[in-house]
Amino acid sequence: MTPAPRPWALLAELTHGCPLHCPYCSNPLELTRRSAELTTDEWRDAMRQAGALGVVQTHLSGGEPLLRADLAEIVGAAAAAGLYTQLVTSGVGLTAARLAALTDAGLRSVQLSVQHADAAASDRIGGRRSFADKERAAAVVRDAGLPLGLNVVLHRANLDAVDALIDLAEDWGAERIELANTQFYGWALENRAALLPTRAQLDRARETVERRRRAGGPDLVWVVPDYFGGEPKPCMGGWGARSLTVAPDGTVLPCPVAAALPGLDPPSLRDHSLEWIWDRSAAFNAYRGTDWMRDPCRTCARRTADFGGCRCQAYALTGDAARTDPACALSPDHRLVRDLVDDGPGGAAGPVPDFVYRAPGAAPGRSGSASSPSDADHRA
Ligand SMILES: C[S@@+](CC[C@H](N)C(=O)[O-])C[C@H]1O[C@@H](n2cnc3c(N)ncnc32)[C@H](O)[C@@H]1O
Ligand code: SF4
Ligand code: SF4
């Protein structure tokens, strides 16, 4: 076995609890219950181990990380381990006092998600009134002098608002806006027919991004929609190559959605050290490097650039995680994606279904669906 490269980033999913119900959410269908989450001490130890392993930055995410009452203690442990700490949040619950406690503990930057530039549309997509909270959260971050990035997941219901979203980022004082076309995992896959944009929408949005880049303003990051381009994403910079995810219950994964892969048997921090998991576990070695690849990836010149695409997407679409990602035009399964974007919901006409929201009242751990959003903070 060739020695594993060192990881540099840790995605810490502190909880699956969340006040919002985004239909595009990539979190799994089965959510971890609050009672099964790692304790404060277990997160402290996870941060210490991550620092010792060489990790230099952590994204504190979820779910909604602000639901953890011990968030400042976790931030403090990450900072003490030498990690650059960034909060990834919906903004619901981010008051000036809360942020002050977090910055005192060592928080360095905030990524705030927003669903649309129009308040009513944003609330509809998020499944709860939250736009005003987000606007307040942005002001609080700006007043504290912390770097602010806006994250927008793009899909059919907001791609036509890209210009307005960039205006919003400027108004809210964001230094950077990440326009990430929806990745179809978890709950997003359930809503794929409603979320898939048309090619015309994508082309217009891409032109807008290019025009706004030429005009200056906030840094614009455009995350390419891989269903449309014929080129797979180099998912996570390679399996077990640069980053790791710790799920709310301590399961450690090479990518946030890999728990869905059958037979992976992901290890837990409750049973093993992070070093053992990264270097030696079967899960982290399953698709590391290029030895596992089959044709056409095995002999392809791009295999060390895109690593054969995304294992989770290969599994979700073909039932076999070791196949070439169907997003690749060279994949024998590429028609699975092409049919969807040419003749399916991403095609020109076609009826667009309503969003399916996770069931109101469902606790993390029980999945279900409802056809309309609710204001209830049902998972808090
Ligand atoms: C799962 S969320 C958790 C943090 C927080 N609840 C939020 O939404 O900002 C982490 C990040 O993933 C993004 N995200 C969620 N689902 C996604 C998807 N299907 N494709 C791309 N990004 C997604 C969110 O916009 C957010 O920036
Ligand atoms: S805010 Fe939306 S994207 Fe973030 S965890 Fe909650 S439901 Fe998922
Ligand atoms: S065949 Fe495999 S390695 Fe080559 S471009 Fe497609 S996904 Fe990448």
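These figures come from a predicted structure and were not determined experimentally.

## Considering the overall build of the protein chain
Right, on to step 1. Across its full length, the protein chain carries 15 helices and nine strands.
Right, on to step 2. Its C-alpha radius of gyration of 20 Å places the protein chain within 12% of the 21 Å reference for a compact globule of 380 residues.
Right, on to step 3. Based on the C-alpha atoms only, the size of the protein chain along its principal axes is roughly 55 × 50 × 45 Å.
Right, on to step 4. A buried classification covers 55% of the 380 residues belonging to the protein chain.
Right, on to step 5. Pairs at least 24 apart in sequence give 71% of the contacts found in the protein chain among residues at least 6 apart.

## Re the packing of aromatic side chains
Right, on to step 1. Taken as a whole and judged by the stated rule, the model has six aromatic pairs.
Right, on to step 2. Judged by centre distance (5.1 Å) and plane angle (55 degrees), the rings of Phe 184 and Tyr 227 are tilted. Separated by 43 residues along the polypeptide, Phe 184 in the loop between strand E6 (176–181) and helix H7 (186–190) and Tyr 227 in helix H10 (residues 226–229) bring together distant segments of the chain.
Right, on to step 3. Site record: aromatic cluster; members linked through ring pairs are Trp 239, Tyr 287 and Trp 292.

## Comments concerning the site of ligand 1
Right, on to step 1. Residues in contact with ligand 1 amount to 16 residues; listed here are only the nearest, Tyr 24, Gly 63, Ser 113, Asn 151 and Gln 183.
Right, on to step 2. A distance of 3.0 Å separates a nitrogen atom of ligand 1 from a polar backbone atom of Gly 63.
Right, on to step 3. Separating an oxygen atom of ligand 1 from a side-chain N or O atom of Ser 113 is a distance of 2.9 Å.
Right, on to step 4. Within the complex, the protein chains bury 87% of what would otherwise be the 540 Å² of accessible surface of ligand 1.
Right, on to step 5. Put simply, the parts of the chain that give the shell around ligand 1 at least two residues each are strand E3 (84–89) and strand E5 (148–154).
Right, on to step 6. Taken together, the residues of the shell around ligand 1 sort by class into five nonpolar, 11 polar and no charged.

## Let's talk about the confidence of the model for the protein chain
Right, on to step 1. Of the residues in the protein chain, 92% reach a pLDDT of 70 or more, and the chain-wide mean stands at 91.
Right, on to step 2. Contacts for the low-pLDDT stretch residues 365–380, under 50 throughout, to residues beyond four places or in other chains number 58 contacts.

## Focus: the site of ligand 2
Right, on to step 1. Taken together, the neighbourhood of ligand 2 is formed by Cys 18, Leu 20, Cys 22, Tyr 24, Cys 25, Asn 27, Gly 63 and Ser 90.
Right, on to step 2. Here the residues of the shell around ligand 2 are counted per class, giving five nonpolar, three polar and no charged.

## As for the environment of Glu 178
Right, on to step 1. Take Glu 178: it is sitting in strand E6.
Right, on to step 2. For the pair Glu 178 and Ile 166, spaced 12 residues apart in sequence, the C-alpha separation works out to 9.7 Å.
Right, on to step 3. Here Glu 178 is in contact with Leu 150, Asn 151, Val 152, Val 221 and Val 223, once residues within four sequence places are set aside.

## Concerning the pairing of strand E8 (residues 243–246)
Right, on to step 1. Here E8 shows two buried faces, one formed by Ser 243 and Thr 245 and the other by Leu 244 and Val 246.
Right, on to step 2. One ladder, built from four bridges, connects strand E1 (residues 9–13) with E8; its direction is parallel. Bridging across to E8, Ala 12 finds its partner in Val 246.
Right, on to step 3. Examined bridge by bridge, E8 and strand E9 (residues 252–253) share two bridges and lie antiparallel to one another.

## Things to note about the nonpolar core
Right, on to step 1. In terms of nonpolar packing, the biggest core is built from 81 residues, with Trp 43, Met 47, Leu 60, Leu 87, Leu 150, Leu 179 and Tyr 227 touching the most fellow members.
Right, on to step 2. Ignoring sequence-local partners within four residues, the contact set of Tyr 227 consists of Phe 184, Arg 192, Leu 196, Gln 313, Leu 317, Val 337, Leu 340 and Val 341.

## Let's talk about the packing of helix H2 (residues 71–80) against helix H3 (residues 96–105)
Right, on to step 1. Contact geometry for H2 and H3: axes closest at 8 Å, N-to-C directions at 20 degrees. With respect to H3, the axis of H2 lies roughly parallel. Classified by chirality, the crossing of H3 by H2 is right-handed. For the pair H2 and H3, contact is made by Leu 71, Ala 72, Val 75, Gly 76 and Ala 79 and by Arg 98, Ala 101, Leu 102 and Ala 105, respectively.
Right, on to step 2. A class-by-class count of the residues in the contact of H2 with H3 yields seven nonpolar, one polar and one charged.

## Overview of the pairing of strand E2 (residues 57–61)
Right, on to step 1. Summarising burial for E2: four of the five residues are buried, a large majority.
Right, on to step 2. As judged from the five bridges shared by E1 and E2, these two strands associate in the parallel manner. Its bridge partner being in E2, Ala 12 is matched across the sheet by Leu 60.
Right, on to step 3. Each parallel crossover has a hand, and the one from E1 via helix H1 (residues 40–53) to E2 is right-handed.
Right, on to step 4. Of the strand pairs in this sheet, E2 and E3 are connected by four bridges, and their pairing is parallel. The partner of His 59 across the bridge, within E3, is Gln 86.

## Some words on the packing of H1 against H2
Right, on to step 1. Running from amino to carboxyl end, H1 crosses H2 at an angle of 20 degrees, the nearest separation of the two axes being 8 Å. Judged by the angle between their axes, H1 and H2 are roughly parallel. Considering the relative orientation of H1 and H2, their crossing is right-handed. On the side of H1, the interface is formed by Thr 40, Trp 43, Arg 44 and Met 47, while H2 contributes Glu 73, Ile 74, Ala 77 and Ala 78.
Right, on to step 2. Residue composition of the contact of H1 with H2, grouped by class: five nonpolar, one polar and two charged.

## So, unusual backbone geometry
Right, on to step 1. Cis geometry is adopted by the peptide bond preceding Gly 63, which originates at Gly 62 and carries an omega value of 20 degrees.
Right, on to step 2. Mapping Gly 63 onto the fold places it in the loop between E2 and H2.
Right, on to step 3. A cis amide bond, omega 5 degrees, links Asp 295 with the succeeding residue Pro 296.
Right, on to step 4. For Pro 296, the location among the structural elements is in the loop between helix H12 (282–285) and helix H13 (303–306).
Right, on to step 5. You will see that Met 236, though not glycine, has its phi angle at about 55 degrees, which is positive.
Right, on to step 6. Structurally, Met 236 can be placed in the loop between H10 and E8.
Right, on to step 7. The class for Met 236 is partly exposed, based on a relative accessible area of 30%.
Right, on to step 8. At Phe 307, a position not held by glycine, the phi torsion is positive, near 55 degrees.
Right, on to step 9. One can find Phe 307 in the loop between H13 and helix H14 (311–318).

Conventions used here
Note on numbering: residues in each chain are counted from 1, in written sequence order. In the order they appear in the text, chains get letters beginning with A and ligands get numbers beginning with 1. This being a predicted model, a pLDDT of at least 70 is required before a residue's local features are given, and a value of 80 or more before pairs of side-chain atoms are given or counted; all residues contribute to the totals for chains, interfaces and linings. As a rule here, side-chain values cover all heavy atoms of the structure and leave hydrogens and water aside. Secondary structure elements are defined from DSSP: runs of H or I of at least 4 residues count as helices, runs of E of at least 2 residues count as strands, and each element is numbered from the N terminus. Here the globule rule is a power law, 2.2 Å times the number of residues to the power 0.38, and the radius of gyration is based on C-alpha atoms. When accessible area is computed with a 1.4 Å probe and restricted to protein chains, residues below 20% of their type maximum are described as buried, those above 50% as exposed, and intermediate ones as partly exposed. Throughout, a residue-residue contact means that at least one pair of heavy atoms, one from each residue, lies within 4.5 Å. Two rings from Phe, Tyr or Trp (for Trp, the six-membered ring) form a pair when their centres sit within 6.5 Å of each other. Planes less than 30 degrees apart are called stacked, planes more than 60 degrees apart edge-to-face, and all others tilted. Definition of nearness: a residue and a molecule or strand are near each other if at least one heavy atom of the residue lies within 4 Å of the molecule or strand. Between N or O atoms, a polar contact is any pair within 3.5 Å; within protein, one atom must be a potential hydrogen donor and the other a potential acceptor, and residues adjacent in sequence are included only when both atoms are from side chains. Here the Shrake-Rupley method, with its probe set to 1.4 Å, supplies the accessible areas, and only the displayed protein chains count as covering residues. Here the nonpolar group is Ala, Val, Leu, Ile, Met, Phe, Trp, Tyr, Cys and Pro; Asp, Glu, Lys and Arg are the charged ones; every other residue, Gly included, is treated as polar. pLDDT is a residue-level measure of predictor confidence that goes from 0 to 100. A strand pair is defined by DSSP finding two or more bridges across the two strands. Grouping buried Ala, Val, Leu, Ile, Met, Phe, Trp, Tyr and Cys residues that are joined through side-chain atoms within 4.5 Å yields what is termed a nonpolar core. Here, axes are lines fitted to C-alpha atoms. For helices the fit covers the stretch in contact, and angles between N-to-C directions go from 0 to 180 degrees. An angle below 35 degrees is read as roughly parallel, one above 145 as roughly antiparallel, one from 65 to 115 as roughly perpendicular, and any other as oblique. Crossings are sorted by hand: turned counterclockwise from the far helix by less than a right angle, the near helix makes the crossing left-handed, and turned clockwise it makes it right-handed. Note on handedness: a clockwise path from strand one over the helix to strand two, with the strands aimed away from the viewer, defines a right-handed crossover.

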